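Okay, here's what each chain looks like letter by letter:
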Amino acid sequence: MKITDYLKNNIIYLDGGMGTLLQEQGLRPGELPERWNLTHPEVIQRIHRDYFEAGSHVVNTNTFGANRLKFSAEELEDIVKAAIANARAALAESHGKQLKWVALDIGPTGRMLKPYGDLDFEDAVSVFAETIKLGAKYGADLIFIETMNDSYETKAALLAAKENCDLPVFVSNAFGEDGKLMTGADPSAMVALLEGMGADAIGVNCSLGPKALVGVVEEYLKYASVPIILKPNAGLPKVINGKTVYDVLPEEFAMGVADLVHRGVRIAGGCCGTTPAYIAATIKASADAVPAKIEKKNITCVSSYTHSVVFGESPVLIGERINPTGKKLFKEALKAHDIDYILKEGITQQEKGAHILDVNVGLPDIDEVKMLKEAICELQGIINLPLQIDTSNAMAMEVALRRYNGKAMINSVNGKQESMDAVFPLAKKYGGLVVALTLDENGIPDKAEGRLAIARRILAQAEKYGIEKKDIIFDPLAMTISADGHAAKETMRAVGLIKNELGCHTSLGVSNVSFGLPGRDMVNGTFFALALGQGLSAAIMNPYSQEMMKAYHTYRALAGLDDNCTDYIAFAESMPQTVASPTPEKIGTTPSKDEFGSELQKAIAKGLKEQAAELTEKMLGTTAPLAIVQDEIIPALNVVGVGFENKTVYLPQLLMSAEAAKSAFEVIKSKMSGEKATDKCAFVIATVKGDIHDIGKNIVKLILENYGFPVTDLGRDVAPEAVVEETIRLHAPIVGLSALMTTTVPAMEETIKQLRQNAPWCKIVVGGAVLNQEYADAIGADKYAKDAMETVRYAEEINRGLKGANNDF
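Residues numbered from 1 in each chain as written. Predicted model: local features only at pLDDT ≥ 70, side-chain atom pairs only at ≥ 80, totals over all residues. Heavy atoms only, no water.

Re empty space enclosed by the protein
For step 1, the next point in the chain: Within this structure, the stated rule accounts for four cavities of 30 Å³ or more.
For step 2, the next point in the chain: Lining the largest cavity are 13 residues; nearest its centre among them are Glu195, Tyr223, Ile299, Cys301 and Lys470.
For step 3, the next point in the chain: If one sorts the elements of the lining of the largest cavity by residue count, helix H8 (residues 187-196) sits on top with five residues.
For step 4, the next point in the chain: Here the residues of the lining of the largest cavity are counted per class, giving five nonpolar, four polar and four charged. (1 Å grid on protein atoms, 1.4 Å probe; cavity = no way out; pocket = protein on both sides within 12 Å on 5 of 7 lines; lining within 4 Å. Points joined across faces, edges and corners; volume = space filled by probe spheres on them. Helix = DSSP H or I, 4+ residues; strand = E, 2+ residues; numbered from the N terminus. Nonpolar A, V, L, I, M, F, W, Y, C, P; charged D, E, K, R; others polar.)

A closer look at the pairing of strand E14 (residues 356-359)
Walk down a regular strand and you will see the side chains alternate between the two sheet faces.
For step 1, the next point in the chain: Burial along E14 is two-sided: the residues Ile356 and Asp358 and Leu357 and Val359 are all buried.
For step 2, the next point in the chain: Pairing analysis gives three bridges linking strand E13 (residues 316-322) to E14, with the strands arranged parallel. When the bridges of E14 are listed, isoleucine 322 appears paired with valine 359.
For step 3, the next point in the chain: In this structure, E14 lies alongside strand E15 (residues 387-390), joined through three bridges in parallel fashion. Residue pairing across strands places leucine 357 opposite leucine 387, the latter belonging to E15.
For step 4, the next point in the chain: Of the crossover connections in this fold, the one passing from E14 over helix H14 (residues 368-382) to the parallel E15 is right-handed. (Buried < 20%, exposed > 50% of the residue type's maximum accessible area, 1.4 Å probe, protein only. Pairing = 2+ DSSP bridges. Right-handed = clockwise from strand over helix to strand, strands pointing away.)

Looking at the side chain of threonine 20
For step 1, the next point in the chain: Within the secondary structure, threonine 20 is located in helix H2 (residues 19-24).
For step 2, the next point in the chain: Residue classification places threonine 20 among the buried residues on the basis of a relative accessible area of 11%.
For step 3, the next point in the chain: Among residues more than four places away in sequence, those in contact with threonine 20 are Tyr246, Gly273 and Thr742. (Contact = heavy atoms within 4.5 Å.)

Structural notes on the pattern of salt bridges
For step 1, the next point in the chain: Scanning the model with the defined rule gives 42 salt bridges in all.
For step 2, the next point in the chain: For arginine 729, the salt bridge goes to glutamate 726, with nearest N and O atoms at 2.7 Å. Here glutamate 726 and arginine 729 lie together in helix H27 (residues 720-730), a separation of three residues that amounts to about one turn.
For step 3, the next point in the chain: The class of glutamate 726 is buried, set by a relative accessible area of 13%.
For step 4, the next point in the chain: The salt bridge partner of lysine 786 is glutamate 790, with a shortest N-O separation of 3.2 Å.
For step 5, the next point in the chain: Residue class for glutamate 790 comes out buried when judged on its relative accessible area of 18%.
For step 6, the next point in the chain: In the salt-bridge network here, residues are joined through shared partners; they are Glu122, Glu163, Arg402 and Lys429. (Salt bridge = Lys/Arg side-chain N within 4 Å of Asp/Glu carboxyl O.)

A short note on the state of the cysteines
For step 1, the next point in the chain: One pass over the full model with this rule turns up zero disulfides.
For step 2, the next point in the chain: This cysteine, cysteine 681, is not joined by any disulfide, and cysteine 762 carries the nearest cysteine sulfur, 11 Å off. (Disulfide = S-S within 2.5 Å.)

A look at helix H23 (residues 609-619)
At 3.6 residues per turn, the α-helix brings residues three or four places apart onto the same side.
For step 1, the next point in the chain: Those residues of H23 that sit buried are Gln611, Ala612, Leu615, Thr616 and Met619. Axial view of H23: buried residues confined to an arc of 135°, hence all on one face. Exposed residues pointing more than 90 degrees away from the buried face of H23 are listed as Glu614 and Lys618.
For step 2, the next point in the chain: Looking at the packing, one finds that the buried side of H23 touches helix H13 (339-352), helix H22 (599-605), helix H24 (625-645) and helix H25 (651-670). (Arc of directions from axis to C-beta.)

Things to note about the environment of histidine 40
For step 1, the next point in the chain: Position of histidine 40 among the secondary structure elements: in the loop between helix H3 (36-39) and helix H4 (41-54).
For step 2, the next point in the chain: Taking the relative accessible area as the measure of exposure, histidine 40 reaches 26% and is therefore partly exposed.
For step 3, the next point in the chain: Taking the C-alpha atoms as reference points, histidine 40 and alanine 572, 532 residues apart in sequence, are found 70 Å from one another.

Quick look at the layout of surface pockets
For step 1, the next point in the chain: Roughly 1200 Å³ of internal volume is contained in the second largest pocket.
For step 2, the next point in the chain: Counting only elements with at least two residues in the lining of the second largest pocket, the list comes to E13, strand E16 (409-414), strand E17 (433-437), helix H19 (520-533) and strand E20 (538-541).
For step 3, the next point in the chain: Residues of the lining of the second largest pocket, tallied by class, amount to 13 nonpolar, 17 polar and nine charged.

Overview of the domain arrangement of the protein
For step 1, the next point in the chain: By the assigned domains, the protein splits into domain 1 (3-285), domain 2 (303-569), domain 3 (593-671) and domain 4 (683-805).
For step 2, the next point in the chain: A C-alpha centroid distance of 38 Å is found between domain 1 and domain 2.
For step 3, the next point in the chain: Each partner contributes residues to the interface: domain 1 has 23 residues there, and domain 2 has 22 residues.
For step 4, the next point in the chain: Counting the surface lost from both domain 1 and domain 2, the interface buries some 1700 Å², and carbon and sulfur atoms represent 42% of this.
For step 5, the next point in the chain: Taken together, the links from domain 1 to domain 2 amount to four salt bridges.
For step 6, the next point in the chain: The tally of links from domain 1 across to domain 2 stands at 15 residue pairs in polar contact (both at pLDDT 80 or more).
For step 7, the next point in the chain: Looking at the side of domain 1 that touches domain 2, the elements with two or more residues in it are helix H6 (121-137), helix H7 (151-164) and H8.
For step 8, the next point in the chain: The element that contributes the greatest number of residues to the side of domain 1 that touches domain 2 is H8, accounting for six residues. (Domains from an automatic or database assignment. Buried area = accessible area lost by both parts, 1.4 Å probe. Polar contact = N/O pair within 3.5 Å; in protein donor to acceptor, adjacent residues only side chain to side chain.)

Some thoughts on the environment of glycine 560
For step 1, the next point in the chain: Mapped onto the fold, glycine 560 is located in the loop between helix H20 (546-558) and helix H21 (566-574).
For step 2, the next point in the chain: In this structure the C-alpha to C-alpha distance between glycine 560 and serine 314, which are 246 residues apart in sequence, comes to 10.0 Å.

Brief notes about the sheet that holds strand E4 (residues 142-148)
By way of backbone hydrogen bonds, the strands of a sheet pair with one another, either parallel or antiparallel.
For step 1, the next point in the chain: The eight strands are arranged E1-E10-E7-E6-E5-E4-E3-E2 in an open sheet whose pairing can be described as parallel. Each edge of the open sheet carries a strand with a single partner, namely strand E1 (12-13) and strand E2 (58-60).
For step 2, the next point in the chain: With four bridges joining them, strand E3 (residues 101-106) and E4 adopt parallel strand pairing. The partner of isoleucine 106 across the bridge, within E4, is isoleucine 145.

Digging into the pairing of E16
For step 1, the next point in the chain: The element E16 is extensively covered by neighbouring structure, given that six of its six residues are classed as buried.
For step 2, the next point in the chain: Across three bridges, E15 lies against E16 in parallel orientation. Among the inter-strand pairings, aspartate 390 is bridged to a residue of E16, identified as asparagine 411.
For step 3, the next point in the chain: Each parallel crossover has a hand, and the one from E15 via helix H15 (residues 394-403) to E16 is right-handed.
For step 4, the next point in the chain: Crossover E16 to E17 through helix H16 (residues 417-430) is right-handed.

Remarks on the sheet that holds strand E21 (residues 683-687)
For step 1, the next point in the chain: As summarised here, the arrangement of the five strands in space is E22-E21-E23-E24-E25, forming an open sheet in which the pairing is parallel. Since the sheet does not close on itself, it has two edges, and those belong to strand E22 (711-713) and strand E25 (783-784), each with one partner.
For step 2, the next point in the chain: The sheet contact formed by strand E24 (residues 763-767) and E25 spans two bridges and is parallel. Across the sheet, the residue bridging to valine 765 is lysine 783, located in E25.
For step 3, the next point in the chain: Seen against the sheet, helix H28 (residues 745-758) touches strand E23 (734-738) and E24 and runs at an angle of roughly 175° to E24. (Axes fitted to C-alpha atoms, helices over the stretch in contact; angles between N-to-C directions.)

Some details on H8
For step 1, the next point in the chain: Counting buried positions over the 10 residues of H8 gives 10, a clear majority of the element.
For step 2, the next point in the chain: Listed as buried for H8 are Pro187, Ser188, Ala189, Met190, Val191, Ala192, Leu193, Leu194, Glu195 and Gly196.
For step 3, the next point in the chain: Phi turns positive, to about 90°, at glycine 198, one or two residues after H8.

Structure follows, in structure tokens:
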């Protein structure tokens, strides 16, 4: 039986941890566990068999890190073939009567994707595709993508699975204590992305114990219309008598997981620290659970890499400014390939209150396919708002959707068959909320009933492509009242009919209604308010318009959508007493200081690399280089760093800010003729032996360098002796060690031991997903840092101490 058929009416139990069990069997520090499929097949088969005997329906192959970034093509094929054979042998030898399946386990690459890292999105897809094709070739029953802590890499893996096999695909992400992925995505964002792309089951694994993941699981249950997965750790790791153990025992673990199974989780198992005993206890504790019905939530939403925007809860504002229509300066910027102009337009619209940004770069004399891809990638690199991809070019649309980090809004389709045949397949493959214009081969109907009829036909055609009603939002088309005095009335009627008869959401390009009239803002604002009263869900609008924002805030207050009128009061108090309409072409061309001390500080904080370099070059004419570092760059980084620590800024924003600061630093260095830009102490950093995951290390390195620390990066899979040698050579006062996997923590402990023996002066800071303060203490580290900014704060503290000691001397 296919696992997806069984899942319709049953609870499925997975296996538990692999790495900790292999360590018990003699896996050495730094040794790659995937090779044990070839060198110790009897051990792998016994572990799989024990899980089947405990009651698991599914075992994951020992291929978590099996990819061509670690192994040659030949060895990779041998490993995947052997891994599946080992699982199949265990299945055949097991005595349990339950139905059983073998899942190809796919873990993260260990590299961060561009623009935050060095791995291109398509290269990531290719890496995953190679392993997935081998899994399908050698007989896996399903693909299990797990422990992903970045939404973009998750998309790359899922896309690779969908394009290279026809097996069911389960996807599970690793959330932190803040309920978000490392790069900022909350559960609603992941549900929107993964459901949109057609994952068969989605959920949560690793990171924390069952109790700590309750909030994340509840969010999945709230938003998802597919089965939910739960694979927690056995709590947090600690070292007792030199052995790694976890602080949640099988019975407590089982009760925590069983509680969530009773509340709707349909696929349950364990991750780090769990064993067959944990799975057996979980199955026993949830034996009386009735499989929860998988209900369609019918949530209309889009998402970015951090969050979703849901339609129907409150009016949604879609910023219209990234569009060359009627904008001379924007056209000139596109022709000149001025990406910073586009980015500043996006930033300013976000600051003005837009929830989504429309992105249209179509001009006859530019390469729209290339330009739209670049604009989408650059915008999502520094702005966390969802994007509306606006193009009539199907090729440009596909390239942009493929690279988009979330569930995009797709603008647009219409009632013409050729339009639907071009756009709906893209929406089905990549996911998205499709804007459907109520026009067809005969044009735009004059009456609302005609537009409603087109909407019905669009829905019927969408259903043939497997696209649900919730993923269509209709634009009943605002027509200019200067040409037809009844145009606005019919558009508003169409909004009401589509909402009440079809149960669908609507969006309008509001400013079309006033074309050809003076005082357009007044007409637009009033029309917007009237349309909201008819049930309008969203508007493509100019967020710089005071009249539009007045209508938005007053409507929300009057409709009971603004608790205590808080947002309205803040908006009203922010308005100048005398309001002059802004000149649209001039807004957004330069950043204002706002809460920042200067334009340079804002450019750095917002991640505008080119502008940061230009402003630094200009400032060097009147300001000393070191003064720029201390008074401009470091304060800007501190603003972002504090935001990151307070969870108001996410990792991608922190990294792009660091890249902008790096651009400014490069300009300063070029002017200093050998003079040191900072007086910070040396910092040696490495990912420990056997671990090729260097995302965390690279983030720490980048942030440290931008705070002025000279960092020596020894790379990944670094032997203890190499760390010691470099620390002695530099007489470095600080060493940073990173590890992602439980199987490589012993290598970290050995490195610390050798540093203590040979470089006793240095302080050692450690970090990684499997670590905590207690674990760090047990292996002899001086400091556990939960993130890059905590490492920076610790390094600053050490550096101040060294400077103080030198001054005393």
